[in-house]
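Listed here are the chains, written in short residue letters.
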Amino acid sequence: MPSKLKFGVVVFPGSNCDYDTYFVLEKIFNQDVKFIWHKDRSVGDVDVVILPGGFSYGDYLRPGAIARFSPIMEDIIRFANRGGKVLGICNGFQVLVEAGLLPGALLRNSSLRFVCKYVYVRVENNDTFFTSLCDEGEVLKLPIAHGDGNYYVDDETLKKLIDNNQIVFRYCDRYGNVTEESNPNGSIYNIAGVINEEGNVLGMMPHPERCSEPVLGCTDGAKIFNSLIHSLLFTEEFFK
Amino acid sequence: MSYKAQVESVKSMRELAIELGLTSEEYDRIIELIGREPTFEELGMFSVMWSEHCSYKNSIAVLKTLPRSGGRLLVSAGEENAGLVDIGDGLAVAFKIESHNHPSAIEPYQGAATGVGGILRDIFTMGARPIAILDSLRFGDLTEPRVKYLFNGVVRGIADYGNSFGCPTVAGEVYFDKSYTQNPLVNAMAVGIVKHDEIVRAVAKGKGNPVLIVGSSTGRDGIHGATFASEEISEESESKRPSVQVGDPFTEKLLLEATLEAIKTGYVVGIQDMGAAGITCSTSEMSARGKSGMAIDLDLVPVREKGMSAYEILLSESQERMLMVVKKGFEDKIIEIFKKWDLNAVVIGYVTDDGMLKIKKDGKLVVDIPADSLVVGGGAPVYYREAKEPEYLTEVRKINPYEIPKPDDLNEAFLKLISSPNIASKEWVYQQYDTMVGTNTVVLPGGDAAVIRIKGTNKAISVKTDCNARYVYLNPYRGAMIAVAESARNVVCTGAEPVAITNCLNFGNPYKPEIFWQFKEAVRGMGDACRFFNTPVTGGNVSFYNESPDGAVYPTPVIGMLGIIDDLKYITTANFKSPGDLIVLLGRNTDEIGGSEYLARIYNKVLGDAPGIDLDLEKRVQRTCLDGIRLGLIKSAHDVSDGGIAVALAECCMIDKENLLGCEVELKDDIRPDFLLFGEGQSRIIVTVEEGNLKKFEEICFKNEIPYAVIGVVSEGKRIKINDWIDLEIEKVADLYYNAIRRIMEVI
């Protein structure tokens, strides 16, 4: 039985959470990790691809808009279409949306300011590879750090996301109430994370890699990585 | 007018020299040093290198009195791009603070952004990966529209640069006072970590080694930025806007990764950042340090536009560039790495051994001077200015504080203080900064100092900037001493041993004897305190001419303190932890009210003398706090500073915003109530201990022979109560504290 997953962390020029993500996977969760250079043409032999946070290409033009044209993206799309697990965190989420792997768009925060702080999100869907160890409705405390996290979809798509249970996280208060005050960026329906219809590509604005160790004061992020590791290492699909 | 037109319009090189900010005597000195009249290009180089900003000509003699080596220092101050402190485990911390005041005064966003960019480059050119940014900021009265504009622009500039670059901005300070209305102060500090065997020096060595320019292309921006920074701000300053550089954090991030990758090859001999005075400064300083020389061909420098003259290329302050000396024969390896990161790396010359800077353009030798003639410690002039005690000091100290009427309502006075932008939470500022990237920030902004863990070790560092300029204005010697003591106290409260400082000395025009006196006295105070605490000065920056027609800024010698926490379990925070814990005051309350925020905010007066400081007591109070932390007895520790003990207690109740606590405190000192509550007497720390540990903790207080008092208890109830003077709902206090600045900056 394999005891470790193979993670690939994509490095775009301007990625700045690549080391952080690598660090938690290797040192905290004891997984195999490698960096995937954006100019590469293949993700190689990996179980999970993570698109980390940062400012790929300086966020010039629009966050993620240039990175989606990086050579590696073609193979990431192939990987995703084959059912490979892809997690986009913050800027990674923005890239996934720009690449069309996830619906919607991430607009400028409604405050028009960058915001970095801890927020609460409610787990709306725990039937995913990324949240399998969470309870439905569980409140997680996770940090955000972005200027463009204002998730937007049109009404029709929103309805589809709701109907398909694709909304994984919604901003809420510490007690789990989804309120306007608890929405840090103006996202429609307080959406903090969405998954694709097939359930293998997740994008989220909060940073689980920043809160997976006790020394950093919060470990709720570990639930996401542990869910992924647990569900992939212990599903039959993995052994096929 | 272009510089070429300028040169044609003046009659002689001497006149041009004066126009460029040099004196006639300095022009004579140039002739004496090089044995002839300088060329146009050479004159440009002398004018920037001998500007106050680059040469420290009016400050260096005084700075040399500071303790600049010893302790854990790996290099002496001023030797390298930044200071280096050994932290064990084969690691060193590189850190430095620098000002970007003048650019920020006229173009706040880019001024502040490039300030951050410049200081980050100083850190990673040494081979260190930046792990924290701090910012010490000063603005005028926040109700003025232009001040809001400056404040907003500076914060955005810092945020956009640091966030994109990917280094957390973790601490700092923001003060508002009308002396800074025309001259905001923007001091940026960066901290990095480097393995001892990967430290790179800013030196050019080895005859024949290639010299590379790496990073961005060279444009026409920032020409004479250093000269501009060496003048007072005036109405004409607006026309100097083109002297402000434009930052590109994305390129800088690539430059960081490429540079660290290049250093790992072992082929890099030396690197220097191109900040002020660009190619001029880096070629001359690296050559002078290596006692070598350089031959440079400017036609090889990648430029942004056609037709740039030698003069423009030499003086451009385009950002995100560095000068690198590489082992001969391995330049291709280095170029390949930079290419991978889509960056320029071009050989523009080679190292020589004759001490000369020989610079060609269009096949013509335009510069041929000894490198040494340009730099500090070499040909650059050194002055010792006249100093005279300013008359305002006798004026401000005349007052008898007891003549100040007592306030009718102490609750009201307290709420007014809590919502003063100087005291209120700076959350509006630091929420715009990425404070967590790097996943090392253990103690986030809002407490006494930021704590950054060092991956791969069980250690952390604690960092803080500090300066109460009002104290320095009222008493430069003592005020500077307090800045050192308080920053040390701050890092001690987090569980750290203070080890070294960097400083940024912001003053007015040094040619005014009163200003120079402030400078001299402040440096004397800083030196005495640093010697006492054994925290040598690793380097820093002097910024003079922070002066406008309305006058000079308060003398503001900002201290950037570095502390080391030997074990992660010692990390301590300022907020009260649990109801029932006893609140103990270390140190002694005094009736000192001079220079306080209370006088400034409630009575609109900056009067009296700075609080007294007994360094020996200070040290013993700090020692007690550290001993208590290390023995696991102290649950929270917070320094008493601006706003006095009342504000400090409130902060302890509120710093953990989600878990507000109350307190019941009884102060028994026989001191006028408002002075007791709001006085800013030094050497005080509020700690909490569990009741069962009090005896053990008291023993530590006895051992260190410090005055202390159990003044109250952390309460279940959500009220802050101090004697029968203050009794308020903590939620109401917290609302004012957290939203005061937001309410001024954003209409809500």
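Please read all numbers here as calculations on a predicted model, not as lab measurements.

About the thresholds
Residues numbered from 1 in each chain as written. Chains lettered and ligands numbered in written order. Predicted model: local features only at pLDDT ≥ 70, side-chain atom pairs only at ≥ 80, totals over all residues. Heavy atoms only, no water. Core = buried A, V, L, I, M, F, W, Y, C linked by side-chain atoms within 4.5 Å. Buried < 20%, exposed > 50% of the residue type's maximum accessible area, 1.4 Å probe, protein only. Helix = DSSP H or I, 4+ residues; strand = E, 2+ residues; numbered from the N terminus. Contact = heavy atoms within 4.5 Å. Buried area = accessible area lost by both parts, 1.4 Å probe. Salt bridge = Lys/Arg side-chain N within 4 Å of Asp/Glu carboxyl O. Polar contact = N/O pair within 3.5 Å; in protein donor to acceptor, adjacent residues only side chain to side chain. Nonpolar A, V, L, I, M, F, W, Y, C, P; charged D, E, K, R; others polar. Pairing = 2+ DSSP bridges. Axes fitted to C-alpha atoms, helices over the stretch in contact; angles between N-to-C directions. UniProt positions renumbered as here; feature names shortened; annotations may be inferred. Domains from an automatic or database assignment. Parallel < 35°, antiparallel > 145°, perpendicular 65-115°, else oblique. Left-handed = near helix turned anticlockwise from the far one by under 90°.

(A) Representation of the nonpolar core in the model. Counting residues in each nonpolar core, the largest one holds 136 residues, and the members touching the most others are Val49(A), Leu51(A), Phe169(A), Phe151(B) and Phe338(B). Per-element accounting of this core gives the leading share, nine residues, to helix α9 (residues 145–165) of chain B. Every residue in contact with Leu51(A), bar those within four places of it in the chain, is listed here: Val10(A), Phe12(A), Met73(A), Ile76(A), Val86(A), Leu87(A), Gly88(A), Ile89(A), Gly92(A), Val95(A) and Leu96(A). By size, the runner-up hydrophobic cluster in this structure holds 107 residues, among which are Ala132(B), Ala171(B), Ala610(B) and Val687(B).

(B) Inspection of the interface of chain B and chain A at higher detail. With 37 residues of chain B at the contact, the number on the chain A side is 32 residues. Buried surface at the junction of chain B and chain A, both sides included, amounts to about 2800 Å², of which 55% is carbon and sulfur. Taken together, chain B and chain A are joined by five salt bridges. Two residues, Arg113(A) and Glu746(B), come together in a salt bridge whose shortest N-O distance is 3.1 Å. Linking chain B with chain A are 17 residue pairs in polar contact (both at pLDDT 80 or more). For the side of chain B that touches chain A, the elements supplying multiple residues, two or more each, are α9, α11 (249–264), α14 (331–340) and β13 (441–443) of chain B. Per-class residue counts for the side of chain B that touches chain A are 12 nonpolar, 12 polar and 13 charged.

(C) Representation of the sheet that holds strand β3 (residues 129–139) of chain B. Residue and element names in this part refer to chain B. If you walk across this open sheet you meet the five strands as β1-β2-β5-β3-β4, and the pairing is mixed. Across the chains shown, the open sheet's two edge strands, defined by having one partner strand only, are β1 (83–88) and β4 (169–176). Ignoring which end each strand starts from, the neighbouring axes of this sheet average 15° apart.

(D) Representation of the environment of Val366(B). All names here are of chain B. Checked against the element boundaries, Val366 lands in strand β12 (residues 364–370). In sequence terms Val366 and Gly219 are 147 residues apart; their C-alpha atoms lie 19 Å from each other. Leave out the neighbours within four places in its chain, and Val366 touches Thr39, Glu41, Glu42, Ala310, Ile359, Lys360 and Lys361.

(E) Quick peek at the UniProt feature "domain: PurM-like N-terminal" (unreviewed entry) in chain B. Residue and element names in this part refer to chain B. Annotation from UniProt places "domain: PurM-like N-terminal" (unreviewed entry) at residues 80–194 and 446–565. The distance from the first to the last C-alpha atom of residues 80–194 is 14 Å, and the span holds 38% helix and 38% strand. Helix makes up 38% of residues 446–565 and strand 35%, with an end-to-end C-alpha separation of 19 Å.

(F) Representation of the domain arrangement of chain B within the structure. All names here are of chain B. Assigned domains within chain B: domain 1 (3–38), domain 2 (47–373) and domain 3 (572–747). Between the C-alpha centres of domain 1 and domain 2 the distance comes to 26 Å. On the domain 2 side, the residues contacting the nine residues of domain 1 number 11 residues. At the surface where domain 1 touches domain 2, the tally comes to one salt bridge.

(G) Geometry of the packing of helix α19 (residues 476–493) of chain B against helix α20 (residues 513–533) of chain B. All names here are of chain B. Where α19 meets α20, the closest approach of the two axes is 7 Å, and the angle between their N-to-C directions is 40°. One element, α19, and the other, α20, form an angle in the oblique class. Viewed along their axes, α19 and α20 form a crossing whose handedness is right-handed. Touching Pro476, Tyr477, Ala480, Met481, Val484 and Ala485 of α19 are Trp517, Gln518, Glu521, Ala522, Arg524, Gly525, Met526, Asp528, Ala529, Cys530 and Phe533, all from α20. Here the contact of α19 with α20 is composed, by residue class, of 12 nonpolar, two polar and three charged.

(H) Representation of the sheet that holds strand β10 (residues 344–352) of chain B within the structure. Residue and element names in this part refer to chain B. Taken in spatial order, the seven strands line up as β7-β9-β6-β10-β8-β11-β12 in an open sheet, and their pairing is mixed. Edge positions in the open sheet fall to β7 (268–273) and β12, since each of these has one partner strand only. Across the sheet, the axes of successive neighbouring strands diverge by a mean angle of 25°, strand direction being ignored. Alignment of strand β11 (residues 356–361) against β12, held across six bridges, turns out to be antiparallel. Across the sheet, the residue bridging to Lys360 is Leu365, located in β12. Across the face of the sheet, helix α12 (residues 278–290) comes into contact with β6 (210–215), β7, β8 (293–297), β9 (321–326) and β11 while running at roughly 135° to β7.

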